[in-house]
Structures are given as structure tokens and as C-alpha cells.
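Coordinate analysis (summary)
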Amino acid sequence: QVQLVESGGGLVQAGGSLRLSCAASGRTFSSYAMGWFRQAPGKEREFVALITQSGGYIRYADSVKDRFTISRDNAKNTVYLQMNSLKPEDTAVYYCAADLLPSPLSQEYDYWGQGTQVTVSS
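Heads up: these notes are all about the structure in this document. (Residues numbered from 1 in each chain as written. Predicted model: local features only at pLDDT ≥ 70, side-chain atom pairs only at ≥ 80, totals over all residues. Heavy atoms only, no water.)

Section: the sheet that holds strand S8 (residues 78–83)
Within the open sheet, the four strands sit side by side as S1-S3-S8-S7. Their pairing is antiparallel. Two strands lie at the open edges of the sheet, namely strand S1 (2–7) and strand S7 (68–73), each paired on one side alone. Neighbouring strand axes in the sheet, compared pairwise and without regard to direction, differ in orientation by 15° on average. Relative to S8, S7 runs antiparallel, the two being bridged by six bridges. (Pairing = 2+ DSSP bridges. Helix = DSSP H or I, 4+ residues; strand = E, 2+ residues; numbered from the N terminus. Axes fitted to C-alpha atoms, helices over the stretch in contact; angles between N-to-C directions.)

What follows is the structure in C-alpha cells.
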């Protein structure tokens, strides 16, 4: 089992930045690919970014490419999502997820955090 706890969400003005963190405990963090997803009210959960176990492969949703950066520190059992140039449409609950295989599909992930709210005002 892997337990995931997100932090770093909040309220920010459009154009601002936030850094989300996801701290993992339990089994070996470095064994897991990590993903970030988000869900806005009334919408389905959508893929944001993923990073493989070693960080050697990273993928972003087109909507966040060039604005968001995913990274991980296996020594700290933590994955990050640096979000710059935030837009009102980025408003959502952001979730981190872990699985042995990297995937942009939420149904592929076995472990999820509780989510952290990000609100971007215009």
C-alpha cells in the first residue's frame, strides 16, 4: 500500500503560481510512477501530468504544457507540480496518484491522495 497526501493548494490570481506537493508513505516510493490529475465541478477527472519512477519520462496534458512542471524527489518520497501562469480554467481539485505503470488514464492508478483545491481568480 501507498498513502498519498497532497498539499500546496490555495487561492491565487490569474497569472500567479502555486507548487503542489504529494508526500508518499508506505512501500518504496521510487517503485511507482506518479501522476497528477484534476477535477473541476461538474466535469470528469482529467490527466494533468505524469512522471516515471526515475523521472526519465514525463508527459503533460496539452492544456498545461509549457506552464506546469512535474518533478519528483525519491529521497524525500515526494512528487511536485509547479504551476505557473495559472488561468481560471485551472481551478479544480488536484489529485496525485501512484501506480507501477505510468499512464495518462486515471482508471489505471491504484493509489490516490485526498486532493487539494486550487482556485484561480480572474
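Some details on the packing of aromatic side chains
Inspection of every chain in the model, using the stated rule, returns six aromatic pairs. A centroid spacing of 5.9 Å and a plane angle of 85° characterise the contact between Tyr32 and Tyr111, whose relative ring orientation is edge-to-face. A residue pair is termed long-range when its members are at least 10 positions apart, and Tyr32 in the loop between strand S3 (18–26) and strand S4 (33–39) and Tyr111 in strand S10 (residues 111–112) qualify at 79 residues. Judged by centre distance (6.3 Å) and plane angle (80°), the rings of Tyr95 and Trp112 are edge-to-face. One end of the pair, Tyr95, is in strand S9 (residues 92–99); the other, Trp112, is in strand S10, with 17 residues separating them in the sequence. When its relative accessible area of 14% is taken as the criterion, Tyr95 is described as buried. Grouped by ring-pair contacts, the aromatic residues Phe37, Phe47, Tyr95, Tyr109 and Trp112 constitute a single cluster. (Phe/Tyr/Trp six-rings, centres within 6.5 Å; stacked < 30°, edge-to-face > 60°. Buried < 20%, exposed > 50% of the residue type's maximum accessible area, 1.4 Å probe, protein only.)

Digging into the state of the cysteines
Summed over the entire model, instances satisfying the criterion amount to one disulfide. One disulfide bridge connects Cys22 with Cys96, the sulfur atoms lying 2.0 Å from each other. Taking the torsion about the sulfur-sulfur bond, which here is approximately 55°, the covalent link between Cys22 and Cys96 counts as right-handed. Of this pair, Cys22 sits in strand S3 while Cys96 sits in strand S9, and the two are 74 residues apart along the sequence. Judged by its relative accessible area of 0%, Cys96 falls in the buried class. (Disulfide = S-S within 2.5 Å.)

Examining the pattern of salt bridges
Under the criterion given, the structure shown has four salt bridges. Note that Arg38 and Glu46 form a salt bridge whose closest N and O atoms lie 2.5 Å from each other. Take Arg38: its relative accessible area is 6%, and that puts it in the buried class. Here Lys65 and Asp62 are joined by a salt bridge, their closest N and O atoms 3.1 Å apart. Taking the relative accessible area as the measure of exposure, Lys65 reaches 39% and is therefore partly exposed. Salt bridges sharing common partners tie together Arg38, Glu46, Arg67 and Asp90. (Salt bridge = Lys/Arg side-chain N within 4 Å of Asp/Glu carboxyl O.)

Description of unusual backbone geometry
Notably, Asn77 is not glycine yet its phi reads approximately 55°, a positive angle. Checked against the element boundaries, Asn77 lands in the loop between S7 and S8. Accessibility expressed as a relative area gives 29% for Asn77, which makes it partly exposed. One non-glycine residue with positive phi stands out, namely Ser85, at about 50°. Among the secondary structure elements, Ser85 is positioned in the loop between S8 and S9.

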